[in-house]
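Observations on the three-dimensional arrangement
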Amino acid sequence: MREVADIMLEGGPGALSFSELQRHLRDPFGRLDKQRPSTVIVLPSMTMDHAGLAKIPGVRHHEERLLVLLQLLRRPAARMVYISSDSLVPVVVDYALDLVSSMPNWHARRRLTMFDCADREPAPLTEKILRRPHLVDEIRQAIGDPLSACLVAFNGSRFERELAVRLGVPLYAANPELSHLGSKSGARRIFCESGVPVADGFEDLRDERDVAEALAELRARDPGLRQALIKLNDSFGAGGNVLFSFDGAPETGLRQWIENELPGRAVFASPPDSWEAYLAKLVAMGAVVERFITADETRSPSAQLLFSPSGGVRILSTQDQLFSGPVKQIFVGGTFPADDQYRAEIQDLALRAGKTLAARSVVGPLSIDFLSARTATGWRHYGLEINLRMGGSTAPYFLLHGLVDGEFDAQSGNYLGPDGQQRCYFATDRLQHQNYRTLGPDDVVDAALRHGLHYRGASMDGAAFYMLGALEIGRLGVVAIDRTRTAA
């Protein structure tokens, strides 16, 4: 019997269901051209919690990050359709095309078709597209053979699935039916099943009472525990994380004390927020409570993985993440590769979880975050989150790969250029200053060229930029490539 979801998502008479479409999915990042889709539709929609999106200044500019996928146009026969909320500044697109190595700009451009919704509302792009049937028709007409194409999405939700069915193309992203695997509770279960350590805690919490009981139990297990984290199941970018302090907690009546203190002691990782608003989201999403790990030194490495339609999984990269914010949990950038003291351990732990996810038919890119604490005997690692979507290192990695045209060496964890030498990067999409509002993309590129900072193909080092359209809010992204992390 066909799934109800498939029946509801029919694109018209004779249209294929989602599960039928997925049987035709080709890996857009596969290594054999004949197995790759002829047309890639890039959908840079952050289809997530609306309230969380509203917290991100200039959120629509995040859609520019996936312009790095124009690197797929290096294949002379490849075609691409790129969709955005609003039209992108021409010089921004030109710059992204100029970074496509070994390919004349005009040749890549003629194989690129761009659409936009003429809509700057801070809402998920996919929802905007679905509200415009005429735009869906135009996109469908630009695709060519739909079964030899694929829709590459930032993340997979029921909206991406619906758009895939309406277009009649397979979706290269995690099936929304598997979204629970990427929740905070789901991630803890996957980690435990895979033998990946997690911080002491509780999952599947449903309301304030559950949270208070979990916090009380954590404190009872360790009377010296000073802090714990509450994390909403379906939040992203630390937008649902709250730090709770046990300072001054009584020895008796602990649970009631916690319940009374929660509204005033909640420290939001991504303000502004209120306990009342947060509580409503907690009831809607569910949550986990975890011990807040402290040590002489802590870091947060991550691994990015690719899952192929055939069931394979491979590590794309590792990085040490950089954070800001009140409790240092807002991602602002990272260095690639992760520190060689623990890089191999992070790869191994990520692959353990990855194989468990692959066994559940996960497809597409995802990232896995860890917390690493230095102990007297070395580093101890804890699984933090599974992001069933592209991560903060997606754009930097694909920009590195497109520019250097080398290979990630899984044995060493290094990226090796054609010359056999290691290439590293420092990347951030939050290079920010109020005075940058006076600059245009051409000003940034001109300054980099004049000062010898721009990426040089001959030596395979230098800085390349992305999110240049965000200069209007004083922000841009940069990937600085060199032979060592320190040099980058």
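Placed above this text is the structure.
An account of the accompanying structure is given in this report.

Scoring rules and cut-offs
Residues numbered from 1 in each chain as written. Predicted model: local features only at pLDDT ≥ 70, side-chain atom pairs only at ≥ 80, totals over all residues. Heavy atoms only, no water. Helix = DSSP H or I, 4+ residues; strand = E, 2+ residues; numbered from the N terminus. Rg over C-alpha atoms; globule rule 2.2 N^0.38 Å. Buried < 20%, exposed > 50% of the residue type's maximum accessible area, 1.4 Å probe, protein only. Contact = heavy atoms within 4.5 Å. 1 Å grid on protein atoms, 1.4 Å probe; cavity = no way out; pocket = protein on both sides within 12 Å on 5 of 7 lines; lining within 4 Å. Points joined across faces, edges and corners; volume = space filled by probe spheres on them. Nonpolar A, V, L, I, M, F, W, Y, C, P; charged D, E, K, R; others polar. Pairing = 2+ DSSP bridges. Axes fitted to C-alpha atoms, helices over the stretch in contact; angles between N-to-C directions. Phe/Tyr/Trp six-rings, centres within 6.5 Å; stacked < 30°, edge-to-face > 60°.

Per the secondary structure count, the protein chain includes 15 helices and 21 strands. Over its C-alpha atoms the protein chain spans a radius of gyration of 23 Å, differing by no more than 12% from the 23 Å that the globule rule assigns to 488 residues. Considered along the principal axes of its C-alpha atoms, the protein chain spans approximately 75 × 60 × 45 Å. Counting over 488 residues, the protein chain shows a buried share of 57%. Considering only residue pairs separated by 6 or more positions, the protein chain has 66% of its internal contacts joining residues 24 or more positions apart.

Moving on to empty space enclosed by the protein. This model, assessed by the stated rule, comprises five cavities of 30 Å³ or more. Put simply, the largest cavity is a space of about 100 Å³. Together, 13 residues line the largest cavity, and Leu67, Tyr95, Ala96, Phe465 and Tyr466 are the ones closest to its centre. Mapped by element, the contributors of at least two residues to the lining of the largest cavity are helix H4 (90–98) and strand E20 (462–466). Among the elements that line the lining of the largest cavity, the one with the most residues is H4, at three residues. Split into classes, the residues belonging to the lining of the second largest cavity amount to seven nonpolar, one polar and three charged.

Looking now at the sheet that holds strand E6 (residues 201–205). One open sheet accounts for five strands, arranged E6-E10-E7-E8-E9; its pairing is antiparallel. Strand pairing shows two members of the sheet lacking a second neighbour, E6 and strand E9 (267–268), which therefore form its edges. Of the pairings in the sheet, the one linking strand E8 (residues 241–245) to E9 comprises two bridges and is antiparallel in character. Bridged to Leu243 within E9 is Val267. Most of the contacts of helix H11 (residues 254–265) go to E8, to which it runs at about 125 degrees, and overall it touches strand E7 (227–232), E8 and E9.

Before going further, it helps to spend a moment on the packing of aromatic side chains. Scanning the entire structure with this criterion turns up 15 aromatic pairs. Ring geometry for Phe244 and Trp257: centres 6.2 Å apart, planes at 70 degrees, overall edge-to-face. Remark: Trp257 occurs in helix H11 and Phe244 occurs in strand E8; sequence separation between them is 13 residues. Taken together, a centroid distance of 5.4 Å and an interplanar angle of 25 degrees make the contact between Trp275 and Tyr278 stacked. In this pair, Trp275 and Tyr278 are both assigned in helix H12 (residues 275–285), three residues apart and thus about one turn of the helix distant. Note on Tyr278: relative accessible area 0%, which makes it buried.

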